[in-house]
Amino acid sequence: MKEEKFNITGMTCSACSARVEKATSKLEGMEAVSVNLLTNSMKVAYDEQKISMGDIIQAVEKAGYGASAAQMAAGEESGKPAGEKKNVAQEEIKKMKGRLILSIAFLIPLMYLSMGHMMRMDFGMPVPQVIESIFYGTENAVAMVFGQFLLLLPILYANRKYFSVGFRSLLHGGPNMDTLIAIGAAAATAYGCFALFRIGYGLGHGDLELVHQYSMDIYFESAGTILTLITVGKFLETRSKGKTSEAIEKLMDLSPRTAIVEREGKETIIPVDQVRTGEIVLIKPGASIPVDGVIIDGASSVDESVITGESIPVEKKPGDKAVSATVNKSGFLKMKASKVGEDTTINQIIRLVDEASSSKAPIAKLADKIAGVFVPTVIGIAVLATIIWLVAGASFEFALSTGIAVLVISCPCALGLATPVAIMVGTGKGAENGILIKSGEALEIAHRVDTVVMDKTGTITEGKPKVTDILTYDTEEAQLLQLAASLEKPSEHPLAEAILRQAQEQGLSPQEIADFEAIHGQGIAARISGKLFFAGNERLLEHHKISSGQIRATLDALSDQGKTPLIFADEERVLGIIAVSDMEKATSRKAIDLFRQMKINVVMLTGDNKRVAAAIQKRLDIPSVIAEVLPEDKERHIKKLQEQGHTVAMIGDGINDAPALARADVGIAIGAGTEVAIESADAVLIKNDLLDAVTAIRLSKAVIRNIKQNLFWAFFYNCIGIPLAAGAFYMALGWQLNPMFAAAAMSLSSICVVSNALRLKFFRPEHGARGSDEEALQKEAEPSAHKEEIKTRELDYDDSSQIGGMKNRKEEKTMAKHETELKIEGMMCQHCKAHVEKTLNGLQGAQAEVDLDAGTAIVRSEQEIADDTFKATIEDAGYELKGIERK
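If you're wondering where the values come from, they're calculated on a predicted model, not measured in any experiment.

Novice: How do you make sense of the overall build of the protein when you look at a structure like this?
Specialist: For the protein, the helix and strand inventory stands at 34 helices and 31 strands. By the burial criterion, 51% of the 887 residues in the protein qualify as buried. In the protein, the share of contacts with a sequence separation of at least 24, taken over all contacts with a separation of at least 6, comes to 69%. For the protein, the accessible area works out to roughly 40,700 Å², and carbon and sulfur atoms hold 54% of it.

Novice: Would you take a moment to explain the pattern of salt bridges for this structure?
Specialist: Opposite charge on two side chains permits pairing when their charged atoms draw close. According to the stated counting rule, one finds 21 salt bridges in the structure shown. Lys 531 is the partner of Asp 570 in a salt bridge, and the nearest nitrogen-oxygen pair spans 3.7 Å. Here Asp 570, found in strand 20 (residues 564-570), pairs with Lys 531, found in strand 19 (residues 531-536); they are 39 residues apart in sequence, far enough to count as distant. For Lys 531, a relative accessible area of 42% corresponds to the partly exposed category. One salt-bridge network, in which partners are shared between bridges, spans Lys 2, Glu 4 and Glu 48.

Novice: Looking at this structure, I do not really get the packing of aromatic side chains. What am I missing?
Specialist: Where two aromatic rings form a pair, the distance of their centres and the angle of their planes describe that pair. For the coordinates displayed, the defined rule picks out eight aromatic pairs. A ring pair is formed by Phe 149 and Phe 220, whose centres lie 5.5 Å apart and whose planes are at 45 degrees; its orientation type is tilted. In this pair, Phe 149 is assigned in helix 6 (residues 141-158) and Phe 220 in helix 10 (residues 220-244), connecting sequence segments 71 residues apart. Accessibility expressed as a relative area gives 18% for Phe 149, which makes it buried. Residue Phe 220 is classed as buried on the basis of its relative accessible area of 0%. Geometrically, the ring pair formed by Phe 712 and Phe 716 is stacked, given 5.6 Å between the ring centres and 15 degrees between the ring planes. Residue Phe 712 and its partner Phe 716 are located together in helix 28 (residues 691-726), separated by four residues, close to a single helical turn. A residue is classified by how much of its surface remains accessible, and Phe 716, at 40% relative accessible area, is partly exposed.

Novice: Before we go on, may I ask you to explain the sheet that holds strand 30 (residues 856-861) in this structure?
Specialist: Consider a sheet: its strands pair through backbone hydrogen bonds, and that pairing is either parallel or antiparallel. The antiparallel open sheet is built from four strands, whose spatial order is 29-30-28-31. Among the strands making up the open sheet, the edge pair consists of strand 29 (846-851) and strand 31 (880-886). Neighbouring strand axes in the sheet, compared pairwise and without regard to direction, differ in orientation by 20 degrees on average. With respect to the sheet, helix 34 (residues 867-876) is in contact with strand 28 (818-825), strand 30 and strand 31, its orientation differing from that of strand 31 by roughly 150 degrees.

Novice: I tried to follow the environment of Pro 318 on my own but got confused; where do I start?
Specialist: Note that Pro 318 resides in the loop between strand 10 (314-316) and strand 11 (321-322). Spatially, the C-alpha atom of Pro 318 lies 4.7 Å from that of Ile 295, the residues being 23 residues apart in sequence. Residues in contact with Pro 318, not counting those within four places in the same chain, are Ile 295, Ile 296, Asp 297 and Gly 298.

Novice: Would you mind showing me how to read the side chain of Thr 475 here?
Specialist: Inspection of the secondary structure puts Thr 475 in the loop between strand 16 (466-472) and helix 20 (477-488). There is a polar contact of 3.1 Å between the side chain of Thr 475 and the side chain of Gln 479. Apart from residues no more than four positions distant in its own chain, Thr 475 is found in contact with Leu 480 and Leu 575.

Novice: Can you help me understand the confidence of the model for the protein in this one?
Specialist: Low-pLDDT stretches of the model should not have their predicted coordinates read in fine detail. Across the protein, the average pLDDT comes to 78, with 79% of residues at or above 70. The model gives residues 72-86 a pLDDT under 50, and that stretch makes 21 contacts with residues more than four places away or in other chains. With pLDDT under 50 throughout, residues 797-815 is counted as low confidence; its partners more than four residues away or in other chains account for 27 contacts.

Novice: How should I be thinking about the sheet that holds strand 10 in this particular structure?
Specialist: In spatial order, the strands read 10-9-12; together these three strands make up an open sheet with antiparallel pairing. What marks the edges here is a single partner per strand, and that holds for strand 10 and strand 12 (327-328). When strand 9 (residues 300-303) meets strand 12, the two strands line up antiparallel, connected through two bridges. Each bridged residue has a counterpart across the sheet, and for Val 302 the counterpart in strand 12 is Asn 328.

Novice: What should I look at first to understand helix 15 (residues 396-409) in this one?
Specialist: Within an α-helix, residues lying three or four positions from one another point in the same direction, as the helix has 3.6 residues per turn. With 14 residues, helix 15 extends 20 Å from end C-alpha to end C-alpha; this agrees with the ideal 20 Å at 1.5 Å per step. For helix 15, the buried fraction is high: 13 of the 14 residues fall into the buried class. The backbone nitrogen of Phe 398 lies 3.2 Å from a side-chain oxygen of the residue at the head of helix 15, namely Ser 395.

Novice: Looking at this model, I keep getting lost on the environment of Ile 546. Mind explaining?
Specialist: Among the structural elements, Ile 546 can be located in the loop between helix 22 (538-543) and helix 23 (552-560). Every residue in contact with Ile 546, bar those within four places of it in the chain, is listed here: Phe 534, Leu 541, Ala 569, Asp 570, Glu 571, Glu 572, Arg 573 and Val 574.

Novice: Looking at this structure, I do not really get the packing of helix 8 (residues 177-204) against helix 9 (residues 208-215). What am I missing?
Specialist: Two elements in contact, helix 8 and helix 9, have axes whose closest approach is 8 Å; the angle formed by their N-to-C orientations is 160 degrees. Put simply, helix 8 runs roughly antiparallel to helix 9. Once helix 8 is placed against helix 9, the crossing between them reads as left-handed. Of the residues in helix 9, those touching helix 8 at Tyr 191, Phe 194, Ala 195, Arg 198, Ile 199, Tyr 201, Gly 202 and Leu 203 are Leu 208, Leu 210, Val 211, Tyr 214 and Ser 215. Among the residues making up the contact of helix 8 with helix 9, the classes are represented as 10 nonpolar, two polar and one charged.

Definitions and limits used
Once a new chain begins, its residue numbering starts again from 1 and follows that chain's sequence as written. Reporting in this predicted model follows two pLDDT cut-offs: at least 70 for local features of residues, and 80 or more for side-chain atom pairs to be given and counted; totals over whole chains, interfaces and linings ignore these cut-offs and use all residues. As a convention, hydrogens and water are excluded, and side-chain values are obtained from all of the structure's heavy atoms. Put simply, DSSP H or I for four residues or longer makes a helix, DSSP E for two residues or longer makes a strand, and each gets a number counted from the N terminus. Throughout this description, buried means an accessible area under 20% of the type-specific maximum (1.4 Å probe, protein chains only), exposed means over 50%, and partly exposed covers the range between. In what follows, a contact means two residues having at least one pair of non-hydrogen atoms within 4.5 Å. Calculation of accessible area relied on Shrake-Rupley with a 1.4 Å probe; when residues are assessed, cover is drawn exclusively from the protein chains displayed. Salt bridges are defined as contacts in which a side-chain nitrogen from Lys or Arg sits within 4 Å of a carboxyl oxygen from Asp or Glu. Geometry of aromatic contacts follows a simple scheme: Phe, Tyr and Trp rings, the Trp one being its six-membered ring, pair when their centres are within 6.5 Å, and the pair is stacked under 30 degrees between planes, edge-to-face over 60, tilted otherwise. Strand pairing is defined by DSSP finding a minimum of two bridges between the two strands. As a rule, the C-alpha atoms of each element are fitted with a line to give its axis, helices using only the stretch in contact, and angles between N-to-C directions run from 0 to 180 degrees. We call two N or O atoms a polar contact when they sit within 3.5 Å, provided that within protein one can donate a hydrogen and the other can accept it, with sequence-adjacent residues counted only if both atoms are side-chain atoms. On a scale of 0 to 100, pLDDT captures the predictor's confidence in every residue. In a helix, the anticipated span is given by 1.5 Å times the number of residues less one. Note on terminology: angles under 35 degrees are roughly parallel, angles over 145 are roughly antiparallel, angles of 65 to 115 are roughly perpendicular, and the others are oblique. Note on convention: the crossing is left-handed when the near helix lies turned anticlockwise from the far helix by less than a right angle, right-handed when the turn is clockwise. Throughout this entry, Asp, Glu, Lys and Arg are counted as charged residues, while Ala, Val, Leu, Ile, Met, Phe, Trp, Tyr, Cys and Pro are counted as nonpolar. The remaining residues, Gly among them, count as polar.

Quick look at the structure:
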């Protein structure tokens, strides 16, 4: 199965895209076809053994349109940077503008000539004597009508595309919007020419009544106005459509055009697409990093905001990864290229956004089905309306005007644009916020999600365990930590990495060990200087008949705090306990709270024991937790939730969570960073932040809501406009729609749909900002063990109560004499909380703790602080003090 993308030319409305899709779908071996009117593109999946690209192009051409392979159309040349594309939208706008100027230039005198006598009679506007003597009056009827015809000709020529495309589509059996315009304008022009001959006949035979009759019903101005107003609408629509792809254009503009490489000991500037993997790339201060790679020399701060959205530059040193399109702020860097060309991060992001923009959401299928029969139906209604009015005794001019109005007011464009414009703007907006949505289908399904399943490690937590407690029994802390590092060095467990990292920070080197043994489900054993030592859990101690009863309460207390205790012992007794904890991310609690506010159930999957899982659940207020889950069982739990009728989104790191991500209705890979092409996920979050998952769901809801609004407008407009134009309300209310107003209404409908979709550009994540807010969130989210240095105590065997109930030494030193609760109004986010805390802590001898949810602040101080001082302080900070309670 091969996938290919084609550029399609000649499409003007949804009927065109439906016909192209129908023509190519009929080919034997064609598995899937998706035609996008907005991007003028087609994505196909086909069997290479049965059909070729040539067959596909031929099928499109037979349908009356043009097709070329996307990469060929891009016109990639040597020296052009990867991803650079011709700006088709700007060229189209330029052509449209020229057509519009020419049309308006001739429409104004045409309207003046046709309506001049009416303006003089109704509004008293003066008409020059020369013009009146040449054009007005029954005797000058031929000159007036022929003059209008001559002014119409440039308008017909400027807008000849409507006729060529419209009639060609009609001959191919696939009429489209251009067909409606062409038939309507051609009918008005033909009737005007017929009237011209009848006027000539009347003048030649002295039948002035015949001359007067046809002089009052010339449709040349209607034809000119229809074409000009449609072109106005198309011009504004094309401009608006161009704005929908701004996100992709901005990403393309970020791609560096050249790179400085080191070849044969010399600095050489080359086009970025000529950089080879493994080549040494030099990045000067202020320059953009051209490709992905690893820093091998130099140190600098790098602005990664274009990729991650984080405004604070990241410090880079040898060994760190660097990403394309990010900016080197200060120092000189030497980098080894690891990903070049289309494999770089920025180009993969562009590809994903482009593919998502070109895809279709299931909600568009109804509009596509209607578009396929829309134009033939409208032509039928126009012909039928004309015949019915003629049979009913109406004049030919009235019946013709009704038929033309039906043709002109009908708008398949609004139907065709309703979905793709919203998807393009939505996916572009997602990319701006570090959210890469890979298809329109995923975007639509996400808005129905009612259950979010999160992996714990690396998703809710940092994924980097840290040592939090070192508890010793008749041994020194340094000795225990060195012993632990020695035993854990051969282990590949993440907890072992945390212990080794802690030992390294304290300058302790592991000792040589012998007879290392990893005991499955229990721990490890090894000899140091001939003596046997153990590291693991209680089962390991029980297996070797080492007493552990006296430390059980200590172990339970550590587990209740969400920490994982590791026991170290020799052959006779326990030597100590080292507790390790994987810290929650600063924004995890906020994200979980936001999901709950959206009425979305949150489920955490973790391989930890139930006690540790319960501690995290309590700390983050997670509604549901499934503990002791093996990686291979995650997919089974997702399936079980789906069987219960839930629409499930799975958020994971995209590695060991791949089966679960694929099983979920929407798979979201978090923290992808430079690994954006995760096949198992439907969406990729570049930043390692759960708040972006919230934004992804909210964006989905906003896009689908916008699509529904567009579809409603498109259906509503046609359901009201076509009967009105056909004269359905004429007998009862006397309403008849002039073809010129019908043309204006048609143009307005497409403009309304595109403009409504562009409102999505104002979408903003509703959660708090980054930066200082995140620091405040960090303080709130971290367990108390991480707010100060690692806790180290020497415990007696019966002194387990000291764990969990251990006092914060800082609090013991600053026991306050006065405690006051303040009720504060106006705090909205973590930034507000941090600002109020900082302000109150500025009072002499005061320590403040702010509860954002409760809207309160607890202030402890050595000296009593006056009410007026509190009031002035809070008001100066920009908030309102609603109450003071002394405790």
